[in-house]
Amino acid sequence: NAGVTQTPKFQVLKTGQSMTLQCAQDMNHNSMYWYRQDPGMGLRLIYYSASEGTTDKGEVPNGYNVSRLNKREFSLRLESAAPSQTSVYFCASRLSYEQYFGPGTRLTVT
Amino acid sequence: QQPVQSPQAVILREGEDAVINCSSSKALYSVHWYRQKHGEAPVFLMILLKGGEQKGHEKISASFNEKKQQSSLYLTASQLSYSGTYFCGTERLGSARQLTFGSGTQLTVLP
């Protein structure tokens, strides 16, 4: 079991560029989540997917879109990156109680 | 609305005890506790459910006061490996499995 995997691990973008962060889990979990974590702060929910085929906005969805491609994969897209989106992005999945987090993607927007 | 954690930081010597608190202004279904080491992903420690059920690691204990919407995490006889940032995540009634995390408590255990 690889658990939750994320690609890429690091990315530098210029303002206005677009990119997609990939997340996959092999635990057959129904729910998947995207968070961002800024220095010295907690995790803020961007989008989540309670089950395959559904997605909903979290606390900070502006500037992002998501796709739940299938039960395993949940991607996060930045259409036009802004410096305010510089952060560490974590994907997570959950079956019952515990959320399992991926290793994170460190994104810098210059 | 983000739960409030206290203290923001605590420094201990090995073997000492610590308590981390988490409070919410909303009615909660559950409280989760996670630990994050520097540069790593958060790791699940415990969940406390409305009604008293708890699930988590054996060496970690916590409480959930449903009337006050407050939870406390108890770290006893702390070890060097306990160092990290502790986050509580609250799940509100009817929130469809969303967690809202506090801003964290940085715990440092010194030898």
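Note on numbering: residues in each chain are counted from 1, in written sequence order. Whichever chain is written first is A, and whichever ligand is written first is 1; the rest continue in order. Where local features are concerned, this predicted model is filtered to residues with pLDDT of at least 70; where side-chain atom pairs are given and counted, the filter is 80 or more; whole-chain, interface and lining totals use all residues. Side-chain measures were taken over the full set of non-hydrogen atoms in the model, leaving aside hydrogen atoms and water.

Caption draft 1: Molecular detail of the overall build of chain B. When helices and strands are counted, chain B shows 0 helices and 11 strands. What counts as a helix is a DSSP run of H or I of at least four residues, what counts as a strand is a run of E of at least two, and both are numbered from the N terminus. Along the chain direction, N to C, the helices and strands of chain B fall in the order β-β-β-β-β-β-β-β-β-β-β. All radius of gyration figures rest on C-alpha atoms, and the globule criterion is 2.2 Å times the number of residues raised to 0.38. Computed over its C-alpha atoms, the radius of gyration of chain B comes to 13 Å, within 12% of the 13 Å expected for a compact globule of 111 residues. Expressed along its principal axes, the backbone C-alpha trace of chain B runs to roughly 45 × 25 × 20 Å. Within chain B, the fraction of its 111 residues that count as buried is 46%. Across chain B, contacts joining residues at least 24 apart in sequence account for 56% of those joining residues at least 6 apart. Residue-level accessible areas treat just the shown protein chains as cover; the underlying method is Shrake-Rupley with a 1.4 Å probe. Accessible surface computed for chain B: about 5,600 Å², of which carbon and sulfur atoms make up 48%. Here the term buried applies to any residue with accessible area under 20% of the maximum for its type, exposed to any over 50%, and partly exposed to those in between, with areas from a 1.4 Å probe on protein chains only. A contact between two residues is defined here by any heavy atoms of the two lying within 4.5 Å.

Caption draft 2: Region of the structure containing the sheet that holds strand E1 (residues 4–6) of chain B. Residue and element names in this part refer to chain B. Strands are treated as partners if at least two bridges between them are detected by DSSP. What the 4 strands build is an open sheet, ordered E1-E3-E8-E7; its pairing is antiparallel. The open sheet has two edge strands, E1 and strand E7 (61–65), and neither has a second partner. On average, each strand axis in the sheet is tilted by 15 degrees relative to the strand beside it, whichever way the strands run. The pairing of E1 with strand E3 (residues 18–23) spans 3 bridges and is classified as antiparallel. In the sheet register, Val4 faces E3, and the bridge partner there is Ser23. For helices, the fitted axis covers only the stretch in contact; all axes are lines through C-alpha atoms, and the angles between them, taken along N-to-C directions, range from 0 to 180 degrees.

Caption draft 3: Highlighting the state of the cysteines. Residues and elements named next belong to chain A. Any cysteine sulfur atom paired with another within 2.5 Å is treated as part of a disulfide. Under the defined criterion, the tally for this structure stands at 2 disulfides over all chains. Paired through a disulfide, Cys23 and Cys91 show a sulfur-sulfur distance of 1.8 Å. Linking Cys23 and Cys91, the disulfide has an S-S dihedral of approximately -70 degrees and is accordingly described as left-handed. A residue pair is termed long-range when its members are at least 10 positions apart, and Cys23 in strand E3 (residues 19–25) and Cys91 in strand E9 (residues 87–94) qualify at 68 residues. By relative accessible area, Cys23 is classed as buried at 2%. Since its relative accessible area comes to 0%, Cys91 is described here as buried.

Caption draft 4: Representation of the interface of chain B and chain A. Contacts between the two partners involve 21 residues from chain B, matched on the other side by 22 residues from chain A. Together, Arg97(B), Gln98(B) and Phe101(B) form the three largest contributors to the area buried by chain B at its contact with chain A, with a combined 33%. Note on definitions: salt bridges are taken to be side-chain nitrogens of Lys or Arg within 4 Å of carboxyl oxygens of Asp or Glu. Along the contact surface separating chain B from chain A lie 1 salt bridge. A salt bridge links Arg94(A) to Glu91(B); the shortest N-O distance between them is 3.2 Å. Within 3.5 Å is the distance limit for a polar contact, defined as a pair of N or O atoms, with the added protein rule that one can donate a hydrogen and the other accept it, and that residues adjacent in sequence qualify only through two side-chain atoms. For the pair chain B and chain A, the number of links is 8 residue pairs in polar contact (both at pLDDT 80 or more). In the scheme used here, Gly and all other residues not listed as nonpolar or charged are polar, with Ala, Val, Leu, Ile, Met, Phe, Trp, Tyr, Cys and Pro taken as nonpolar and Asp, Glu, Lys and Arg as charged. In terms of residue class, the side of chain B that touches chain A is made up of 10 nonpolar, 6 polar and 5 charged. Computed with a 1.4 Å rolling probe, the buried area is the accessible surface lost when two parts are put together, summed over both parts.

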